[in-house]
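The primary structure of each chain is shown beneath.
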Amino acid sequence: MKKLAMHWKIIIGMILGIIFGFIMNSIDGGREFVGDWVAPFGKIFINLLKLIAVPLILASLIKGVTDLKDISKIKNMGLRTIGIYVATTLVAIVIGLSIVNIVKPGVGMPEETIEKIKLRYANDAGVADKLMKASAQKDAGPLQSLVDIFPSNIFQSFVEASMLQVIFFALFVGICLLLIGEKKAKPLVDFFDSLNEVVMKMVDLIMLFAPYAVFALLANVIIAFDDTEILIKLLYYAFCVVGGLILMIGFYLLLVSVYTKKSPLWFLKQISPAQLLAFSTSSSAATLPVTMERVEEHLGVDGEVAGFVLPVGATVNMDGTSLYQGIAAVFIMQVIWPEGLTFTNQLVIVATALLASIGSAAVPSAGMVMLVIVLESIGFPAELLPIGLALIFAVDRPLDMCRTVVNVTGDATVSMMVAKSLGKLHDNPQAKEWDDNYEDVK
Ligand code: ASP
(Lines give C-alpha, C1' and ligand atoms only; values in the text may rest on other atoms or scores of the structure.)
Protein backbone atom coordinates (compact mmCIF):
# COMPACT_ATOMS: atom_id res chain seq x y z
CA MET A 1 0.00 0.00 0.00
CA LYS A 2 1.24 3.48 -0.87
CA LYS A 3 2.22 5.42 2.24
CA LEU A 4 0.13 8.49 3.01
CA ALA A 5 2.25 11.63 2.42
CA MET A 6 3.45 13.40 5.56
CA HIS A 7 1.43 16.56 4.89
CA TRP A 8 -1.80 14.56 4.71
CA LYS A 9 -1.05 12.85 7.99
CA ILE A 10 -0.41 16.23 9.61
CA ILE A 11 -3.57 17.75 8.11
CA ILE A 12 -5.65 14.84 9.43
CA GLY A 13 -4.05 15.29 12.87
CA MET A 14 -4.86 19.01 12.79
CA ILE A 15 -8.49 18.53 11.78
CA LEU A 16 -9.07 15.87 14.42
CA GLY A 17 -7.37 18.11 17.00
CA ILE A 18 -9.68 21.01 16.13
CA ILE A 19 -12.80 18.81 16.32
CA PHE A 20 -11.62 17.28 19.58
CA GLY A 21 -10.92 20.77 20.98
CA PHE A 22 -14.44 21.96 20.18
CA ILE A 23 -15.99 18.85 21.72
CA MET A 24 -13.89 19.24 24.87
CA ASN A 25 -14.78 22.93 25.04
CA SER A 26 -18.43 22.06 25.26
CA ILE A 27 -18.29 19.43 27.98
CA ASP A 28 -17.73 19.87 31.68
CA GLY A 29 -14.11 19.37 32.67
CA GLY A 30 -13.11 19.06 28.99
CA ARG A 31 -10.67 21.97 29.09
CA GLU A 32 -8.91 20.61 32.14
CA PHE A 33 -8.69 17.21 30.49
CA VAL A 34 -7.03 18.69 27.41
CA GLY A 35 -4.70 20.80 29.55
CA ASP A 36 -3.64 17.87 31.75
CA TRP A 37 -3.63 14.94 29.37
CA VAL A 38 -3.39 16.15 25.78
CA ALA A 39 -1.45 19.43 25.69
CA PRO A 40 1.72 17.92 27.25
CA PHE A 41 2.26 15.84 24.09
CA GLY A 42 2.36 19.01 22.00
CA LYS A 43 4.83 20.46 24.48
CA ILE A 44 7.06 17.37 24.23
CA PHE A 45 7.13 17.74 20.44
CA ILE A 46 8.08 21.42 20.60
CA ASN A 47 10.73 20.63 23.21
CA LEU A 48 12.26 18.01 20.92
CA LEU A 49 12.38 20.42 18.00
CA LYS A 50 13.94 23.11 20.15
CA LEU A 51 16.37 20.55 21.53
CA ILE A 52 17.91 20.00 18.13
CA ALA A 53 17.73 23.58 16.85
CA VAL A 54 21.04 24.75 18.36
CA PRO A 55 23.15 21.70 17.36
CA LEU A 56 21.56 21.84 13.93
CA ILE A 57 22.43 25.50 13.34
CA LEU A 58 25.94 24.93 14.62
CA ALA A 59 26.63 21.82 12.58
CA SER A 60 24.95 22.86 9.35
CA LEU A 61 26.45 26.33 9.30
CA ILE A 62 30.00 25.18 10.07
CA LYS A 63 29.67 22.43 7.49
CA GLY A 64 28.20 24.92 5.00
CA VAL A 65 31.02 27.42 5.43
CA THR A 66 33.75 24.81 5.18
CA ASP A 67 32.11 23.25 2.12
CA LEU A 68 32.05 26.64 0.39
CA LYS A 69 35.84 26.69 0.74
CA ASP A 70 36.05 30.36 -0.11
CA ILE A 71 35.51 33.41 2.10
CA SER A 72 34.47 35.67 -0.78
CA LYS A 73 31.66 33.21 -1.61
CA ILE A 74 30.41 33.45 1.97
CA LYS A 75 30.38 37.24 1.75
CA ASN A 76 28.58 37.06 -1.55
CA MET A 77 25.92 34.70 -0.19
CA GLY A 78 25.51 36.79 2.97
CA LEU A 79 24.94 40.02 1.05
CA ARG A 80 22.46 38.41 -1.35
CA THR A 81 20.54 36.81 1.50
CA ILE A 82 20.21 40.01 3.52
CA GLY A 83 19.36 42.04 0.38
CA ILE A 84 16.52 39.71 -0.65
CA TYR A 85 15.26 39.45 2.93
CA VAL A 86 14.98 43.23 3.26
CA ALA A 87 13.29 43.51 -0.15
CA THR A 88 10.64 40.86 0.59
CA THR A 89 9.96 42.39 4.00
CA LEU A 90 9.38 45.80 2.41
CA VAL A 91 6.95 44.23 -0.07
CA ALA A 92 5.11 42.63 2.86
CA ILE A 93 4.76 45.92 4.75
CA VAL A 94 3.56 47.76 1.64
CA ILE A 95 0.95 45.04 0.99
CA GLY A 96 -0.22 45.29 4.61
CA LEU A 97 -0.46 49.07 4.63
CA SER A 98 -2.25 49.16 1.27
CA ILE A 99 -4.90 46.69 2.41
CA VAL A 100 -5.59 48.38 5.73
CA ASN A 101 -5.84 51.81 4.10
CA ILE A 102 -8.18 50.58 1.37
CA VAL A 103 -10.43 48.34 3.47
CA LYS A 104 -10.30 50.50 6.65
CA PRO A 105 -11.38 47.70 9.03
CA GLY A 106 -11.19 49.97 12.08
CA VAL A 107 -13.29 52.85 10.81
CA GLY A 108 -16.79 52.97 12.28
CA MET A 109 -16.30 50.30 14.93
CA PRO A 110 -19.23 50.75 17.34
CA GLU A 111 -18.43 52.46 20.65
CA GLU A 112 -20.12 49.64 22.50
CA THR A 113 -17.79 47.03 20.95
CA ILE A 114 -14.73 49.08 21.85
CA GLU A 115 -15.98 49.37 25.43
CA LYS A 116 -16.58 45.64 25.64
CA ILE A 117 -13.11 44.81 24.37
CA LYS A 118 -11.58 47.38 26.70
CA LEU A 119 -13.35 45.89 29.70
CA ARG A 120 -12.43 42.36 28.76
CA TYR A 121 -8.77 42.75 27.75
CA ALA A 122 -7.25 46.12 28.68
CA ASN A 123 -6.26 44.81 32.12
CA ASP A 124 -5.58 41.28 30.94
CA ALA A 125 -2.35 39.70 32.18
CA GLY A 126 -1.42 38.81 28.58
CA VAL A 127 -1.63 42.45 27.46
CA ALA A 128 0.35 43.62 30.49
CA ASP A 129 3.00 41.01 29.75
CA LYS A 130 3.46 42.26 26.16
CA LEU A 131 3.74 45.86 27.37
CA MET A 132 6.32 44.89 29.97
CA LYS A 133 8.43 42.98 27.45
CA ALA A 134 8.24 45.87 25.01
CA SER A 135 9.39 48.36 27.61
CA ALA A 136 12.36 46.14 28.50
CA GLN A 137 13.35 46.13 24.81
CA LYS A 138 12.86 49.85 24.48
CA ASP A 139 15.00 50.73 27.50
CA ALA A 140 18.03 49.21 25.82
CA GLY A 141 20.37 51.53 23.87
CA PRO A 142 20.11 51.93 20.07
CA LEU A 143 23.02 49.57 19.35
CA GLN A 144 21.99 46.93 21.88
CA SER A 145 20.65 44.59 19.17
CA LEU A 146 24.06 44.73 17.50
CA VAL A 147 25.90 44.10 20.78
CA ASP A 148 23.59 41.15 21.44
CA ILE A 149 24.90 39.31 18.38
CA PHE A 150 28.35 38.89 19.95
CA PRO A 151 28.29 36.43 22.84
CA SER A 152 30.74 36.53 25.72
CA ASN A 153 30.00 32.96 26.70
CA ILE A 154 28.93 30.58 23.98
CA PHE A 155 27.55 28.04 26.44
CA GLN A 156 25.19 30.66 27.73
CA SER A 157 24.11 31.30 24.12
CA PHE A 158 23.42 27.57 23.75
CA VAL A 159 21.46 27.50 26.98
CA GLU A 160 19.39 30.52 26.00
CA ALA A 161 19.10 29.29 22.39
CA SER A 162 20.18 32.72 21.27
CA MET A 163 20.04 32.13 17.54
CA LEU A 164 22.01 35.10 16.24
CA GLN A 165 24.80 34.44 18.73
CA VAL A 166 24.99 30.79 17.73
CA ILE A 167 25.01 31.83 14.05
CA PHE A 168 27.83 34.28 14.69
CA PHE A 169 29.85 31.64 16.57
CA ALA A 170 29.31 29.03 13.86
CA LEU A 171 30.39 31.46 11.13
CA PHE A 172 33.43 32.41 13.17
CA VAL A 173 34.44 28.76 13.70
CA GLY A 174 33.75 27.95 10.03
CA ILE A 175 35.88 30.81 8.72
CA CYS A 176 38.76 29.95 11.08
CA LEU A 177 38.57 26.32 9.95
CA LEU A 178 39.07 27.55 6.40
CA LEU A 179 41.96 29.73 7.50
CA ILE A 180 43.90 26.94 9.22
CA GLY A 181 43.97 24.83 6.05
CA GLU A 182 42.28 21.60 5.06
CA LYS A 183 44.60 19.18 6.79
CA LYS A 184 44.41 20.69 10.24
CA ALA A 185 40.71 21.41 9.92
CA LYS A 186 39.74 17.89 8.90
CA PRO A 187 38.99 16.31 12.33
CA LEU A 188 36.63 19.11 13.34
CA VAL A 189 35.04 19.34 9.89
CA ASP A 190 34.36 15.58 9.96
CA PHE A 191 32.92 15.92 13.43
CA PHE A 192 30.43 18.63 12.42
CA ASP A 193 29.63 16.75 9.23
CA SER A 194 28.66 13.72 11.22
CA LEU A 195 26.79 15.81 13.81
CA ASN A 196 24.81 17.36 10.97
CA GLU A 197 23.79 13.92 9.71
CA VAL A 198 22.77 12.83 13.20
CA VAL A 199 20.63 15.90 13.77
CA MET A 200 18.94 15.55 10.38
CA LYS A 201 18.13 11.96 11.30
CA MET A 202 16.66 13.21 14.55
CA VAL A 203 14.37 15.47 12.51
CA ASP A 204 13.13 12.42 10.57
CA LEU A 205 12.41 10.56 13.79
CA ILE A 206 10.72 13.50 15.51
CA MET A 207 8.55 14.01 12.43
CA LEU A 208 7.07 10.54 12.89
CA PHE A 209 5.39 12.00 15.94
CA ALA A 210 4.17 15.18 14.16
CA PRO A 211 0.61 14.09 13.25
CA TYR A 212 -0.13 13.27 16.91
CA ALA A 213 1.62 16.38 18.19
CA VAL A 214 -0.39 18.74 15.97
CA PHE A 215 -3.54 17.05 17.27
CA ALA A 216 -2.51 18.02 20.81
CA LEU A 217 -1.34 21.51 19.84
CA LEU A 218 -4.52 22.43 18.00
CA ALA A 219 -6.86 20.96 20.61
CA ASN A 220 -5.02 23.16 23.10
CA VAL A 221 -5.42 26.26 20.91
CA ILE A 222 -9.16 25.66 20.56
CA ILE A 223 -9.80 25.34 24.28
CA ALA A 224 -8.04 28.67 24.86
CA PHE A 225 -10.74 30.61 22.93
CA ASP A 226 -13.23 31.81 25.42
CA ASP A 227 -14.83 34.86 23.91
CA THR A 228 -16.12 33.98 20.50
CA GLU A 229 -18.42 37.03 20.48
CA ILE A 230 -15.46 39.45 20.49
CA LEU A 231 -13.66 37.21 18.04
CA ILE A 232 -16.49 37.63 15.56
CA LYS A 233 -16.42 41.43 15.97
CA LEU A 234 -12.78 41.42 14.92
CA LEU A 235 -13.30 39.25 11.87
CA TYR A 236 -13.07 42.18 9.48
CA TYR A 237 -9.61 43.07 10.78
CA ALA A 238 -8.57 39.41 10.86
CA PHE A 239 -9.63 38.97 7.23
CA CYS A 240 -7.44 41.90 6.23
CA VAL A 241 -4.40 40.26 7.86
CA VAL A 242 -5.17 36.83 6.42
CA GLY A 243 -5.88 38.35 2.97
CA GLY A 244 -2.51 40.14 3.07
CA LEU A 245 -0.74 36.96 4.13
CA ILE A 246 -2.34 35.03 1.26
CA LEU A 247 -1.17 37.72 -1.18
CA MET A 248 2.30 37.36 0.26
CA ILE A 249 2.26 33.60 -0.34
CA GLY A 250 1.16 34.40 -3.91
CA PHE A 251 4.16 36.72 -4.22
CA TYR A 252 6.52 33.93 -3.09
CA LEU A 253 5.00 31.51 -5.57
CA LEU A 254 5.58 34.07 -8.29
CA LEU A 255 9.21 34.43 -7.24
CA VAL A 256 9.65 30.67 -7.18
CA SER A 257 8.17 30.21 -10.61
CA VAL A 258 9.76 33.22 -12.34
CA TYR A 259 13.18 33.17 -10.72
CA THR A 260 13.87 29.53 -9.97
CA LYS A 261 11.69 28.16 -12.80
CA LYS A 262 10.13 25.57 -10.50
CA SER A 263 6.45 24.77 -10.32
CA PRO A 264 4.73 26.70 -7.51
CA LEU A 265 2.49 23.71 -6.75
CA TRP A 266 5.48 21.43 -6.42
CA PHE A 267 7.09 24.00 -4.11
CA LEU A 268 3.99 24.13 -1.91
CA LYS A 269 3.75 20.36 -1.75
CA GLN A 270 7.37 19.94 -0.71
CA ILE A 271 7.38 22.70 1.88
CA SER A 272 3.87 22.01 3.29
CA PRO A 273 4.92 19.92 6.34
CA ALA A 274 7.02 22.87 7.54
CA GLN A 275 4.13 25.27 6.89
CA LEU A 276 1.70 23.06 8.79
CA LEU A 277 4.07 22.86 11.74
CA ALA A 278 4.60 26.62 11.65
CA PHE A 279 0.82 26.97 11.86
CA SER A 280 0.51 24.49 14.72
CA THR A 281 3.44 25.75 16.81
CA SER A 282 3.35 29.51 16.02
CA SER A 283 7.12 29.48 16.18
CA SER A 284 9.53 29.71 13.26
CA ALA A 285 12.38 28.79 15.62
CA ALA A 286 10.71 25.53 16.64
CA THR A 287 9.90 24.82 12.99
CA LEU A 288 13.46 25.51 11.80
CA PRO A 289 14.76 21.91 11.89
CA VAL A 290 11.85 20.78 9.74
CA THR A 291 12.22 23.74 7.38
CA MET A 292 15.89 22.81 6.93
CA GLU A 293 15.06 19.19 6.22
CA ARG A 294 12.36 20.07 3.66
CA VAL A 295 14.43 22.73 1.93
CA GLU A 296 17.52 20.56 1.61
CA GLU A 297 16.08 17.13 1.00
CA HIS A 298 12.88 18.00 -0.83
CA LEU A 299 13.42 21.36 -2.55
CA GLY A 300 16.98 20.61 -3.56
CA VAL A 301 18.72 23.58 -1.98
CA ASP A 302 22.35 22.77 -1.30
CA GLY A 303 23.21 22.33 2.39
CA GLU A 304 25.78 25.13 2.16
CA VAL A 305 23.03 27.58 1.30
CA ALA A 306 20.20 26.21 3.47
CA GLY A 307 22.53 26.01 6.49
CA PHE A 308 23.14 29.75 6.31
CA VAL A 309 19.99 31.27 4.81
CA LEU A 310 17.43 29.46 6.96
CA PRO A 311 18.80 30.03 10.49
CA VAL A 312 19.43 33.68 9.63
CA GLY A 313 15.96 33.92 8.09
CA ALA A 314 14.23 32.37 11.08
CA THR A 315 15.50 35.25 13.20
CA VAL A 316 15.66 38.25 10.90
CA ASN A 317 13.21 37.58 8.07
CA MET A 318 9.63 37.77 9.25
CA ASP A 319 7.50 38.99 6.40
CA GLY A 320 4.26 37.74 7.92
CA THR A 321 5.05 39.53 11.16
CA SER A 322 5.86 42.83 9.49
CA LEU A 323 2.77 42.68 7.28
CA TYR A 324 0.72 42.07 10.42
CA GLN A 325 2.40 44.93 12.28
CA GLY A 326 1.54 47.37 9.50
CA ILE A 327 -2.11 46.33 9.48
CA ALA A 328 -2.46 46.12 13.26
CA ALA A 329 -0.85 49.53 13.87
CA VAL A 330 -3.10 51.32 11.37
CA PHE A 331 -6.19 49.38 12.50
CA ILE A 332 -5.60 50.45 16.11
CA MET A 333 -5.17 54.06 14.98
CA GLN A 334 -8.36 53.91 12.91
CA VAL A 335 -10.25 52.84 16.02
CA ILE A 336 -8.79 54.94 18.82
CA TRP A 337 -6.31 57.49 17.46
CA PRO A 338 -7.47 58.63 14.00
CA GLU A 339 -5.57 61.93 14.28
CA GLY A 340 -2.32 59.94 14.12
CA LEU A 341 -3.11 58.58 10.67
CA THR A 342 -0.77 60.79 8.67
CA PHE A 343 1.31 59.84 5.65
CA THR A 344 4.56 60.53 7.55
CA ASN A 345 3.48 58.21 10.35
CA GLN A 346 2.82 55.48 7.83
CA LEU A 347 6.31 55.94 6.42
CA VAL A 348 7.71 55.65 9.93
CA ILE A 349 5.69 52.44 10.32
CA VAL A 350 7.39 51.03 7.21
CA ALA A 351 10.83 51.66 8.70
CA THR A 352 10.07 50.51 12.22
CA ALA A 353 8.08 47.44 11.14
CA LEU A 354 11.09 46.42 9.06
CA LEU A 355 13.42 46.79 12.05
CA ALA A 356 10.88 45.26 14.41
CA SER A 357 10.51 42.14 12.30
CA ILE A 358 14.29 41.74 12.35
CA GLY A 359 14.30 42.23 16.11
CA SER A 360 11.32 39.95 16.84
CA ALA A 361 12.14 36.62 18.40
CA ALA A 362 10.90 33.63 16.41
CA VAL A 363 8.50 32.55 19.15
CA PRO A 364 4.74 32.77 19.63
CA SER A 365 3.33 36.26 19.96
CA ALA A 366 6.68 38.07 19.59
CA GLY A 367 5.17 40.19 16.81
CA MET A 368 2.73 41.74 19.25
CA VAL A 369 5.52 42.83 21.60
CA MET A 370 7.32 44.57 18.75
CA LEU A 371 4.06 46.16 17.65
CA VAL A 372 4.20 48.24 20.82
CA ILE A 373 7.57 49.60 19.71
CA VAL A 374 6.20 50.37 16.23
CA LEU A 375 3.31 52.28 17.83
CA GLU A 376 5.59 54.17 20.18
CA SER A 377 7.80 55.26 17.31
CA ILE A 378 4.93 57.28 15.85
CA GLY A 379 4.10 58.93 19.15
CA PHE A 380 1.07 56.79 19.97
CA PRO A 381 -0.24 58.03 23.35
CA ALA A 382 1.11 55.77 26.11
CA GLU A 383 -2.19 55.76 28.01
CA LEU A 384 -3.95 54.31 24.97
CA LEU A 385 -1.47 51.44 24.53
CA PRO A 386 -3.26 48.88 26.73
CA ILE A 387 -6.52 49.62 24.89
CA GLY A 388 -4.75 49.36 21.54
CA LEU A 389 -3.36 45.94 22.36
CA ALA A 390 -6.66 44.87 23.89
CA LEU A 391 -8.30 45.59 20.52
CA ILE A 392 -6.28 42.96 18.72
CA PHE A 393 -5.54 40.56 21.55
CA ALA A 394 -8.51 38.22 21.07
CA VAL A 395 -7.47 37.28 17.55
CA ASP A 396 -3.72 37.37 18.05
CA ARG A 397 -3.18 33.64 18.43
CA PRO A 398 -4.86 32.55 15.17
CA LEU A 399 -3.19 35.40 13.32
CA ASP A 400 0.14 34.46 14.87
CA MET A 401 -0.33 30.94 13.52
CA CYS A 402 -0.98 32.32 10.02
CA ARG A 403 1.86 34.85 10.02
CA THR A 404 4.33 32.20 11.17
CA VAL A 405 3.41 30.16 8.05
CA VAL A 406 4.35 33.16 5.93
CA ASN A 407 7.58 33.71 7.88
CA VAL A 408 8.66 30.14 7.20
CA THR A 409 7.54 30.14 3.56
CA GLY A 410 9.46 33.38 3.00
CA ASP A 411 12.67 31.83 4.34
CA ALA A 412 12.24 28.77 2.13
CA THR A 413 11.59 30.95 -0.95
CA VAL A 414 14.64 33.10 -0.35
CA SER A 415 16.83 30.05 0.21
CA MET A 416 15.74 28.75 -3.20
CA MET A 417 16.47 32.09 -4.83
CA VAL A 418 19.91 32.39 -3.26
CA ALA A 419 20.69 28.78 -4.19
CA LYS A 420 19.56 29.37 -7.76
CA SER A 421 21.67 32.52 -8.07
CA LEU A 422 24.75 30.60 -6.90
CA GLY A 423 24.08 27.52 -9.04
CA LYS A 424 23.33 25.47 -5.92
CA LEU A 425 19.74 24.45 -6.56
CA HIS A 426 19.60 20.76 -7.48
CA ASP A 427 17.04 19.18 -9.73
CA ASN A 428 16.51 15.78 -8.22
CA PRO A 429 16.90 16.03 -4.47
CA GLN A 430 17.04 12.74 -2.60
CA ALA A 431 14.97 12.71 0.56
CA LYS A 432 16.39 10.56 3.32
CA GLU A 433 14.03 8.36 5.32
CA TRP A 434 14.41 7.65 9.01
CA ASP A 435 14.85 3.93 8.32
CA ASP A 436 17.37 4.05 5.45
CA ASN A 437 19.89 2.05 7.50
CA TYR A 438 17.47 0.40 9.86
CA GLU A 439 17.80 -3.08 8.34
CA ASP A 440 21.53 -3.09 9.12
CA VAL A 441 21.18 -2.26 12.77
CA LYS A 442 17.87 -3.58 14.00
N1 ASP B 1 5.36 33.67 15.93
C2 ASP B 1 6.10 34.35 14.90
C3 ASP B 1 7.26 33.47 14.48
O4 ASP B 1 7.76 32.68 15.24
C5 ASP B 1 6.59 35.69 15.34
C6 ASP B 1 5.41 36.60 15.54
O7 ASP B 1 4.95 37.20 14.55
O8 ASP B 1 4.88 36.72 16.64
O9 ASP B 1 7.68 33.55 13.35
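About the criteria used
- Residues numbered from 1 in each chain as written.
- Predicted model: local features only at pLDDT ≥ 70, side-chain atom pairs only at ≥ 80, totals over all residues.
- Heavy atoms only, no water.
- Helix = DSSP H or I, 4+ residues; strand = E, 2+ residues; numbered from the N terminus.
- Expected span 1.5 Å × (residues − 1).
- Bend = angle between axes of the 7 residues up to and from the residue.
- Buried < 20%, exposed > 50% of the residue type's maximum accessible area, 1.4 Å probe, protein only.
- Polar contact = N/O pair within 3.5 Å; in protein donor to acceptor, adjacent residues only side chain to side chain.
- Core = buried A, V, L, I, M, F, W, Y, C linked by side-chain atoms within 4.5 Å.
- Contact = heavy atoms within 4.5 Å.
- Near = heavy atom within 4 Å.
- Areas by Shrake-Rupley, 256 points an atom, 1.4 Å probe, with all protein chains shown as cover.
- Nonpolar A, V, L, I, M, F, W, Y, C, P; charged D, E, K, R; others polar.
- Patch = residues over 30% accessible without salt bridge, like charges linked within 9 Å, V, L, I, M, F, W, Y side chains within 5 Å.
- Salt bridge = Lys/Arg side-chain N within 4 Å of Asp/Glu carboxyl O.
- Phe/Tyr/Trp six-rings, centres within 6.5 Å; stacked < 30°, edge-to-face > 60°.
- Lys NZ or Arg CZ within 6 Å of the ring centre and 35° of its normal.
- Axes fitted to C-alpha atoms, helices over the stretch in contact; angles between N-to-C directions.
- Parallel < 35°, antiparallel > 145°, perpendicular 65-115°, else oblique.
- Left-handed = near helix turned anticlockwise from the far one by under 90°.

Undergrad: Looking at this structure, how should I read helix α13 (residues 264–281)?
TA: The α-helix advances 3.6 residues per turn, and as a result positions three or four apart in sequence lie on the same side. The end-to-end C-alpha distance of α13, which contains 18 residues, comes to 24 Å, matching closely the 26 Å that a straight helix rising 1.5 Å per residue would cover. Where α13 bends most, the angle comes to about 55°, and this point is serine 272, followed within four residues by the proline proline 273. Within α13 the residues assigned to the buried category are Phe267, Gln270, Ile271, Ser272, Pro273, Ala274, Gln275, Leu276, Leu277, Ala278, Ser280 and Thr281. Where α13 begins, one side-chain oxygen reaches toward the backbone nitrogen of leucine 265, 3.2 Å away; that side chain belongs to serine 263. Positive backbone phi, approximately 55°, marks serine 282, located one or two places after α13.

Undergrad: What's the story with the nonpolar core in this structure? I'm lost.
TA: One recurring pattern in soluble globular proteins: nonpolar side chains tend to sit buried together. Counting residues in hydrophobic clusters, the biggest one holds 135 residues, and the most contacted among them are Tyr237, Phe331, Ile332, Ile336, Leu371, Phe380 and Ile392. Among the elements that line this core, the one with the most residues is helix α2 (residues 30–68), at 13 residues. Dropping the residues within four chain positions of it, phenylalanine 331 is found in contact with Val100, Pro105, Gly106, Met109, Leu234, Tyr237, Leu391 and Ile392. Met24, Val38, Ala216 and Ala219 belong to the second-largest nonpolar core, a separate cluster that totals six residues.

Undergrad: Would you take a moment to explain the site of the ligand for this structure?
TA: Surveying the vicinity of the ligand reveals 14 residues, the closest of which are Ser284, Thr321, Gly367, Asp400 and Arg403. At a separation of 2.3 Å, an oxygen atom of the ligand approaches a polar side-chain atom of serine 284. Threonine 404 is positioned with one of its side-chain polar atoms (N or O) 3.1 Å from a nitrogen atom of the ligand. Protein burial of the ligand: of its 270 Å² of free accessible surface, 100% is covered by the chains. Elements with a contribution of two residues or more to the shell around the ligand: α18 (366–377) and α20 (396–421). By residue number, the principal contributor to the shell around the ligand is α20, which donates four residues. Within the shell around the ligand, the residues separate by chemical class into four nonpolar, eight polar and two charged.

Undergrad: What should I look at first to understand a nonpolar patch on the surface in this one?
TA: A grouping of Leu4, Trp8, Ile12, Ile15, Leu16, Ile19, Ile23 and Ile27 is seen on the molecular surface, where their side chains present a nonpolar patch of about 750 Å² in accessible area. By secondary structure assignment, the location of isoleucine 19 is in helix α1 (residues 6–26). You can call isoleucine 19 partly exposed: its relative accessible area is 44%.

Undergrad: Sorry, what's going on with unusual backbone geometry here?
TA: For residues other than glycine, phi is negative in most cases, and the peptide bonds are mostly trans. A positive phi angle, close to 50°, is found at alanine 161, a residue other than glycine. Tracing the backbone shows alanine 161 in the loop between α7 (154–160) and α8 (163–179). Take alanine 161: its relative accessible area is 41%, and that puts it in the partly exposed class. Even without being glycine, serine 282 reaches a positive phi, approximately 55°. The class of serine 282 is buried, set by a relative accessible area of 1%.

Undergrad: Mind showing me how you'd approach the packing of aromatic side chains here?
TA: Think of a pair of aromatic rings as described by two things: how far the centres are apart, and how the planes are tilted against each other in angle. Per the counting criterion, the structure on display carries twelve aromatic pairs. With centroids separated by 5.6 Å and ring planes inclined at 55°, the aromatic side chains of tyrosine 121 and phenylalanine 393 adopt a geometry described as tilted. A residue pair is termed long-range when its members are at least 10 positions apart, and tyrosine 121 in helix α4 (residues 111–121) and phenylalanine 393 in helix α19 (residues 385–393) qualify at 272 residues. With a centroid separation of 4.4 Å and 20° between ring planes, the pair formed by tyrosine 237 and phenylalanine 331 is classed as stacked. Taken together, the residues span a long stretch of sequence, with tyrosine 237 in helix α12 (residues 235–259) and phenylalanine 331 in helix α16 (residues 319–336) at a distance of 94 residues. Site record: aromatic cluster; members linked through ring pairs are Phe150, Phe168 and Phe172. Sitting over the ring of tyrosine 121, arginine 120 keeps its end group 4.4 Å from the ring centre. The aromatic ring of tyrosine 324 is capped on one face by arginine 403, whose charged end is 3.9 Å from the ring centroid.

Undergrad: Just to check I follow, could you spell out the packing of α2 against helix α10 (residues 210–224) for this structure?
TA: The relative placement of two packed helices is expressed as an angle between their axes plus a distance between the axes. Following both chains from N to C, one finds α2 and α10 inclined at 135°, their axes separated by 8 Å at the closest point. One way to sum up the angle between α2 and α10 is to call them oblique. When you trace α2 past α10, the crossing you get is left-handed. Residues Arg31, Val34, Gly35, Val38, Ala39, Phe41, Gly42, Phe45 and Ile46 of α2 pack against Ala210, Ala213, Phe215, Ala216, Leu217, Ala219, Asn220 and Ile223 of α10.

Undergrad: What am I meant to see in the pattern of salt bridges here?
TA: Two side chains carrying opposite charge are able to pair once their charged atoms lie near each other. The full count for this structure, using the stated rule, is 13 salt bridges. The shortest N-O distance in the salt bridge between aspartate 204 and lysine 201 comes to 4.0 Å. Taken together, the residues aspartate 204 and lysine 201, both in helix α9 (residues 182–208) and three residues apart, mark about one turn of the helix. Glutamate 304 is paired through a salt bridge with lysine 424; the nearest N and O atoms lie 3.0 Å apart. One end of the pair, glutamate 304, is in helix α15 (residues 303–316); the other, lysine 424, is in the loop between α20 and α21 (438–441), and 120 residues separate them in sequence. A relative accessible area of 18% means that lysine 424 is categorised as buried. In this structure, a network of salt bridges that share partners links the residues Lys63, Asp67 and Asp193.

Undergrad: Mind showing me how you'd approach the side chain of threonine 291 here?
TA: Within the fold, threonine 291 resides in helix α14 (residues 284–297). Judged by its relative accessible area of 3%, threonine 291 is buried. With sequence-adjacent residues up to four places away left out, threonine 291 is seen in contact with Ala274, Leu310 and Val408.

Undergrad: Sorry, what's going on with the environment of leucine 389 here?
TA: Within the secondary structure layout, leucine 389 lies in helix α19. With relative accessibility at 0%, the residue leucine 389 sits in the buried group. Spatially, the C-alpha atom of leucine 389 lies 29 Å from that of lysine 50, the residues being 339 residues apart in sequence. Contacts of leucine 389, omitting those with residues within four sequence positions, involve Val127, Lys130, Leu131, Met368, Leu371 and Val372.

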